[in-house]
Amino acid sequence: MSSVYLHIPFCRTKCPYCDFYSQPGSAAQLAEYLQLVEQQLEFLRQDFPDQPPLQTVFFGGGTPSLLAAEQVARLLDRLTDAFGLAQDCEISLEANPGTLDAHKLSGYRQAGINRLSIGVQSLSEQRLQILGRSHSREEALAAVALARAAGFVNLGLDLMFALPDQSKDDLQAELDELLGLEPEHISVYGLSYEAGTEFARRQATGELREADERLYAEHYRLLHLHLTQAGFEHYEISNFARPGRRCRHNQVYWQRRACLALGCGAHGFAEQGWGERYLVPADLTAYRARLAAHQDPREPLERFDRQGAMSETLYLALRTADGLAREPFRQRFGLYPEEAYPRQFEQLQGYLQRVADSWRFDLAGWLIYDHLISEFL
Ligand SMILES: C[S@@+](CC[C@H](N)C(=O)[O-])C[C@H]1O[C@@H](n2cnc3c(N)ncnc32)[C@H](O)[C@@H]1O
Ligand code: SF4
């Protein structure tokens, strides 16, 4: 299995709640950036000469749909030259409504993009404005229709919840409308107030109020109930898919499998030893300078020891509905999870379920996942 994550650190405008690495950028800056990415790809090609053909490629951001179809095609050609693409390679691209048109979308299809993830976020004009999104509700609906017309049969839509003043009924209405678009995949994100963002500042002044835990839980349960009733599988804390439509790229991450990191701000993982995580620092000036000096811009982030690998294997697997398979865990680490963490399994037994050979969190466990996994760190 081999994968590539490619980060595009540009957006039309910066959303006031977002702390992902992205900034407004011109077409010229984007074009220059793609040249840098191609230079970095040479380092990856040299470092990973025996890489099998890629099984998944993910254009993430930022806003990768700022790229013209020709730019996407060229990058995929370079990746094919470097590593080859598996016949059934999943090639995803994150797209923002308002950046798409029929010509671009059919160019993406021709270039090989076979999975599109559209950041709808909300279908309420008022809440899109509160979120500071650079697109309207109509543009979000049009983006979905255009993607279908261009032949995309694997469409993911992102929806945010626990938004300021959003009631359960509001969320229900938005969800019903979203389901009417018949997506193959839905990701749901409860609004978080990230340090350093405009939203965190407005929360501190009392201008914005974070949804309380009870409302957050009600929204999350509503999403779970209605999406599973509509035939979606709740396969990870934030992700729902129609049967056979899970995002394969994200599963690479939760299963701790290798992923190459390309672009400024990208994170990668190598499987050697107990695993090594690295990153390309989220600093475009440093990225440019290092590549100009013919230096690999990657930096090591963490080299795992056995204990670290064991805990990460466990807490990533517990994000998923498949859960943590006991026997493979024992084969890798020499003991079953409940033997490795007897105190934690005893404490968390109210949230953990044993299904066949796997341990899983129930919905209540997922709701307080961050709190529960702190026990295993
Ligand atoms: C970083 S974005 C990239 C995709 C695209 N640019 C977009 O905005 O749709 C990936 C997802 O993270 C979500 N996200 C970013 N900041 C968030 C926050 N503070 N709380 C909840 N979701 C957030 C976005 O709404 C989006 O669905
Ligand atoms: S468009 Fe997406 S990546 Fe860009 S600032 Fe908004 S949420 Fe963040």
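Residues numbered from 1 in each chain as written. Chains lettered and ligands numbered in written order. Predicted model: local features only at pLDDT ≥ 70, side-chain atom pairs only at ≥ 80, totals over all residues.

### Overview of helix H8 (residues 213–229)
For step 1, the next point in the chain: Here H8 spans 24 Å end to end across 17 residues, near enough to the 24 Å set by a 1.5 Å rise per residue.
For step 2, the next point in the chain: Within the sequence span of H8, burial applies to His-219, Tyr-220, Leu-223 and Leu-227. Buried residues of H8, seen end-on, are gathered within an arc of 95° and therefore sit on one face of the element. Set apart from the buried face of H8 by more than 90 degrees, the exposed residues are Arg-214, Leu-225 and Gln-229.
For step 3, the next point in the chain: For H8, the secondary structure elements touched by its buried residues are strand E7 (155–161), helix H6 (168–180), strand E8 (185–190), strand E9 (233–236), strand E10 (239–241) and helix H15 (363–367).
For step 4, the next point in the chain: Two residues or fewer past H8, Gly-231 is found with a positive phi of approximately 100°. (Helix = DSSP H or I, 4+ residues; strand = E, 2+ residues; numbered from the N terminus. Expected span 1.5 Å × (residues − 1). Buried ≥ 20, exposed ≤ 12 C-beta atoms within 10 Å, placed from the backbone. Arc of directions from axis to C-beta. Contact = placed C-beta atoms within 7 Å.)

### Considerations on the site of ligand 2
For step 1, the next point in the chain: Neighbouring ligand 2 are the residues Cys-11, Lys-14, Cys-15, Cys-18, Phe-20, Ser-22, Gly-61, Gly-62, Thr-63, Asn-96 and Gly-119.
For step 2, the next point in the chain: Residue composition of the shell around ligand 2, by class: four nonpolar, six polar and one charged. (Near = placed C-beta within 6 Å. Nonpolar A, V, L, I, M, F, W, Y, C, P; charged D, E, K, R; others polar.)

### Focus on the sheet that holds E7
For step 1, the next point in the chain: Spatial strand order, E9-E10-E8-E7-E6-E5-E4-E1-E11: nine strands in an open sheet with mixed pairing. Strand pairing shows two members of the sheet lacking a second neighbour, E9 and strand E11 (260–262), which therefore form its edges. Across the sheet, the axes of successive neighbouring strands diverge by a mean angle of 20°, strand direction being ignored.
For step 2, the next point in the chain: Two elements, strand E6 (residues 115–121) and E7, share four bridges in a ladder whose sense is parallel. Each bridged residue has a counterpart across the sheet, and for Ile-118 the counterpart in E7 is Leu-157.
For step 3, the next point in the chain: Lying on the sheet, helix H1 (residues 27–47) is in contact with strand E1 (3–8) and E11; it crosses E11 at an angle near 155°.
For step 4, the next point in the chain: Contacts between helix H2 (residues 69–83) and the sheet are confined to E1, strand E4 (54–61) and strand E5 (85–95), with E4 contributing the most and set at about 145° to the helix. (Pairing = 2+ DSSP bridges. Axes fitted to C-alpha atoms, helices over the stretch in contact; angles between N-to-C directions.)

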